[in-house]
Amino acid sequence: MSTIAENIAKVGVRIREAAQASQRDCATVGLLAVSKTKPAEAIRQAFAAGTCDFGENYLQEALEKQAELSDLPLTWHFIGPIQSNKTKPIAEHFAWVHSVDRLKIAQRLSDQRPAHLPPLNICLQVNVSGEASKSGCNPDELQALAQAVTQLPNLRLRGLMTIPEPTDDPSEQRAAFARLRELMQGLNLDLDTLSMGMSHDLEAAIAEGATWVRIGTALFGARDYSTT
Ligand SMILES: *Cc1c(COP(=O)(O)O)cnc(C)c1O
């Protein structure tokens, strides 16, 4: 078994145990493998071990890997910051975008989504940690943004995403994820997705209702940015 396959098995156990601890069906928690900075070969190994959903943050890097892996039936998720001049390739080459935090980006993604593809699945990224974090819309802007995004024809608003301020305190982790869940409930829209939880806090996220956990380090090892 490859190291990646072993890691996938270990993360699978963590997901199942966390789901069980809060009486959730583990089938409702999806594993999104975050493959940024990792080579196509690592994705191949993860796919061979049963993982189909991959998250990427950097557009150019993602497009290169998609081309190398076009023989595999993978589902690609864009999870990084989005510049408005990069929306077209994102609309063309991904099934999901988790990091929409302003209407201009959503409008461009809808306009640029090719007609032959199904609607692009969207999560709105929310900043639940206040000043400490720069990415994500403010909670008080969320209602208006969500309402506007539901009107865009080529997008399907699925739910919310957050990257809270890192903390080792499980109760603080849970408080941030609970906030995202409550914000989604407060929207009163037909949403089914909470994209929250990473390698160090997936248990807290699952306890608060995560439906995608975005896992990089625990699957692929530490990232090395020195060569990029
Ligand atoms: C890198 C990244 C992850 C994965 O983080 P790990 O701590 O390596 O599991 C998840 N979500 C987003 C948005 C990321 O950029």
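The structure presented is a predicted model; accordingly, all values stated were derived computationally and were not measured. (Residues numbered from 1 in each chain as written. Predicted model: local features only at pLDDT ≥ 70, side-chain atom pairs only at ≥ 80, totals over all residues. Heavy atoms only, no water.)

**Focus on the overall build of the protein**
Across its full length, the protein holds nine helices and eight strands. In terms of C-alpha radius of gyration, the protein reaches 17 Å, essentially the compact-globule figure of 17 Å for 228 residues. Going through the 228 residues of the protein one by one, you find that 50% of them count as buried. Restricting the contact set of the protein to residue pairs at least 6 apart, pairs at least 24 apart contribute 58%. Per element, the accessible surface of the protein, about 10,800 Å² overall, is 50% carbon and sulfur. In the protein, the 22 positive side-chain charges and the 27 negative ones have mean positions that sit 3 Å from each other. (Helix = DSSP H or I, 4+ residues; strand = E, 2+ residues; numbered from the N terminus. Rg over C-alpha atoms; globule rule 2.2 N^0.38 Å. Buried < 20%, exposed > 50% of the residue type's maximum accessible area, 1.4 Å probe, protein only. Contact = heavy atoms within 4.5 Å. Areas by Shrake-Rupley, 256 points an atom, 1.4 Å probe, with all protein chains shown as cover. Lys, Arg positive; Asp, Glu negative; His and termini not counted. Charge placed at Lys NZ, Arg CZ, Asp CG, Glu CD.)

**Remarks on the packing of aromatic side chains**
Enumeration according to the criterion identifies three aromatic pairs in this entry. Where F78 meets F94, the ring centres are 5.4 Å apart and the plane angle is 80 degrees; that geometry is what we call edge-to-face. Taken together, the positions of F78 in strand β3 (residues 75-78) and F94 in the loop between α4 (87-93) and β4 (96-100) put the pair 16 residues apart, joining distant regions of the chain. Here the two residues F78 and F94 agree in accessibility, since each one is buried. With a centroid separation of 5.7 Å and an interplanar angle of 90 degrees, the aromatic rings of W96 and W212 are classed as edge-to-face. Pair noted here: W96 is in strand β4 and W212 is in strand β8 (residues 212-215), with a separation of 116 residues, a long-range link. Neither W96 nor W212 differs from the other in exposure class; each is buried. (Phe/Tyr/Trp six-rings, centres within 6.5 Å; stacked < 30°, edge-to-face > 60°.)

**A word on the UniProt feature "modified residue: N6-(pyridoxal phosphate)lysine" (unreviewed entry) in the protein**
Residues annotated by UniProt as "modified residue: N6-(pyridoxal phosphate)lysine" (unreviewed entry) correspond here to K36. Of note, K36 is situated in the loop between β1 (30-34) and α2 (40-48). (UniProt positions renumbered as here; feature names shortened; annotations may be inferred.)

**Digging into the packing of helix α6 (residues 139-150) against helix α7 (residues 170-187)**
A pair of packed helices is captured by two measures, namely the crossing angle of their axes and the spacing between those axes. It is the contact of α6 with α7, at a shortest axis distance of 10 Å, that shows an interaxial angle of 40 degrees. The pairing of α6 with α7 is recorded here as oblique in orientation. As for the relative orientation of α6 and α7, their crossing is right-handed in sense. In this structure, α6 uses P139, L142, Q143 and A146 to contact α7, whose residues at the interface are R179, L183, G186 and L187. Split by residue class, the contact of α6 with α7 holds five nonpolar, two polar and one charged. (Axes fitted to C-alpha atoms, helices over the stretch in contact; angles between N-to-C directions. Parallel < 35°, antiparallel > 145°, perpendicular 65-115°, else oblique. Left-handed = near helix turned anticlockwise from the far one by under 90°. Nonpolar A, V, L, I, M, F, W, Y, C, P; charged D, E, K, R; others polar.)

**Digging into the pairing of strand β2 (residues 53-56)**
Two faces make up the sheet, and in a regular strand the side chains alternate between them. Of the two faces of β2, the one holding D53 and G55 and the one holding F54 and E56 are both buried throughout. Direction of pairing for β1 relative to β2: parallel, over a ladder of two bridges. Along β2, the bridge assignment pairs V34 with G55. Handedness of the crossover joining β1 and β2 through α2 is recorded here as right-handed. Crossover β2 to β3 through helix α3 (residues 59-68) is right-handed. (Pairing = 2+ DSSP bridges. Right-handed = clockwise from strand over helix to strand, strands pointing away.)

**A look at α6**
Over its 12 residues, α6 extends 17 Å from the first C-alpha to the last, a length consistent with the 16 Å expected when each residue adds 1.5 Å. By the burial criterion, the buried members of α6 are L142, L145, A146 and V149. Buried positions in α6, seen along its axis, are confined to an arc of 105 degrees and lie on one side of it. Across α6 from its buried face, at more than 90 degrees, point the exposed residues D140 and A144. Where α6 is buried, its residues meet α5 (103-112), β5 (120-125), β6 (155-161) and α7. (Expected span 1.5 Å × (residues − 1). Arc of directions from axis to C-beta.)

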